[in-house]
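Understanding the architecture of this molecule
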Amino acid sequence: MDIGLNWRDLDKPVDWKKVFENNNPVDCEIGFGNGDFLVKKSNLHPERNFFGIDYAIESFRRAKKMIKKVNVPSVKLVCLEAKAAFIVLIPEKSLSHIYLNFPDPWPKKKHFKNRLLDREFFTIAASCSTNKGKIIIATDDNFYRDFILEEMAAVHLWESLFQKGWTDELSDHFSTKYEKRWRKEGKEIFYMMFQKKADIEKSFRIREFKIQSTITLPNFSLSKLKKIRGESICKKDSVSKLLKIIEKKNIYTLTVFLKDDTLIRKADLTVSEKDSNKWELKIPEKLFRTRSLKTFINKLKTLDK
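The following paragraphs examine the structure supplied in this document. (Residues numbered from 1 in each chain as written. Predicted model: local features only at pLDDT ≥ 70, side-chain atom pairs only at ≥ 80, totals over all residues. Heavy atoms only, no water.)

**A look at the sheet that holds strand E10 (residues 233–235)**
Note the cut-off: When DSSP finds two or more bridges between two strands, those strands count as paired. Numbering of helices and strands starts at the N terminus; helices are DSSP runs of H or I of at least 4 residues and strands are runs of E of at least 2. Angles here are taken between N-to-C directions and fall from 0 to 180 degrees, while the axes themselves are lines fitted to C-alpha atoms, restricted in helices to the stretch in contact.
Strand order across the open sheet formed by 6 strands is E9-E14-E13-E12-E11-E10, with antiparallel pairing between neighbours. Both edges of this open sheet fall to strand E9 (214–217) and E10, since each of them pairs with a single strand only. Direction aside, the axes of adjacent strands within the sheet are offset by 30° on average. As paired elements, E9 and strand E14 (residues 278–282) share 4 bridges and run antiparallel to each other. Considered in E14, the bridge of Thr214 is made with Lys282.

As structure tokens, this is what we get:
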């Protein structure tokens, strides 16, 4: 299997044995940057597998190229938002270690909502971690450090392995190039390590619905379709929106925005006339069938209401 994986092609949740072709323990790094940390970790621990998650396509391409060059088969990468990766891809109780090196602290109060490391994520991480699994975090922001410690304490699922919650030295840790630069500049680095102490029974998995690849639309018309273009169709934590309609020889391609929790996508669906006044909606086979898609299809089925 390739180093850089398309999350759309993977089982949901993923089958680690199929991905890595072995039964070794799996560690995860969120925000892998150029991939250097993953390579160094995998060289030190050839008995483990490493799964990297990063939202930036440039980081994904750069790390994929570098890891392929040094030939490290125990490292696989996906380009996806971290929380979405955990609630779509990561199997429950399957990760031994989760690494986060200098996550964005979003220092402005109005941006706090963008922080990944909050009590919700730490609860989800606990559901995806093995018994006594660990989260290891490095940050140079003392305010973010304190925020993380407060959020961790609130969920009662993890315990710090350091008496004061953090340390300024960590064994078996590889410094990134930025970390080395910051140390030369005299910046203080804070390392935190937490061990899972309790299980969480709640499942955070994004539900996948059984939706056929071809669906009959009894009340379809272009004029009715245009009326819902740009309309936000909401249900629970999902949103769908028709962004664009392209017509070509009685075939309409619908570009649809789909959002389920933090999983955000665009998808192209096609509507074509099969018989006189009988229309069919076709959905790509590999499109993850979530609530937002189901809600949008239901809207198409009831355009005349």
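**Overview of the nonpolar core**
Stated precisely, the cut-off is as follows: Put simply, a nonpolar core is a bunch of buried Ala, Val, Leu, Ile, Met, Phe, Trp, Tyr and Cys residues held in one set by side-chain atoms that sit within 4.5 Å of each other. Categorising residues by exposure relies on relative accessible area from a 1.4 Å probe, with only protein chains included: less than 20% of the type maximum marks a residue as buried, more than 50% marks it as exposed, and the intermediate range marks it as partly exposed. Contacts were defined at the residue level, with two residues in contact if any of their heavy atoms lie within 4.5 Å.
In terms of nonpolar packing, the biggest core is built from 51 residues, with Phe51, Phe86, Phe122 and Trp158 touching the most fellow members. Setting aside residues no more than four positions away along its own chain, Trp158 makes contact with Phe122, Ala125, Ala126, Ser129, Gly133, Lys134, Ile135, Met152, Phe194, Gln195, Lys196 and Lys197. Counting 26 residues, the second largest nonpolar core, distinct from the first, contains Leu217, Leu225, Leu242 and Val256.

**Quick word on the sheet that holds strand E6 (residues 129–139)**
Spatial ordering of the open sheet is given by E1-E4-E3-E2-E5-E6-E8-E7, a layout of 8 strands whose pairing is mixed. The strands lining the two open edges of the sheet, one partner per strand, are strand E1 (4–5) and strand E7 (158–160). Judged from the 2 bridges that link them, E1 and strand E4 (residues 75–79) form a sheet pairing that is parallel. Across the sheet, Gly4 pairs through a bridge with Leu77, a residue of E4. Packing against the sheet, helix H5 (residues 119–128) makes contact with strand E2 (26–30), strand E5 (95–101), E6, E7 and strand E8 (190–196), and its axis sits at approximately 140° to E6.

**So, the environment of Lys202**
Topologically, Lys202 is positioned in the loop between E8 and E9. We classify Lys202 as exposed; its relative accessible area is 54%. It is 40 Å that separates the C-alpha atoms of Lys202 and Phe220, two residues lying 18 residues apart in sequence.

**Remarks on the environment of Phe209**
Relative to the helices and strands, Phe209 resides in the loop between E8 and E9. Looking at Phe209, the relative accessible area reads 9%, which means it is buried. Residues Phe209 and Leu293, spaced 84 residues apart in sequence, show a C-alpha to C-alpha distance of 9.0 Å. If sequence neighbours within four positions are ignored, Phe209 has contacts with Arg289, Thr290, Arg291 and Lys294.

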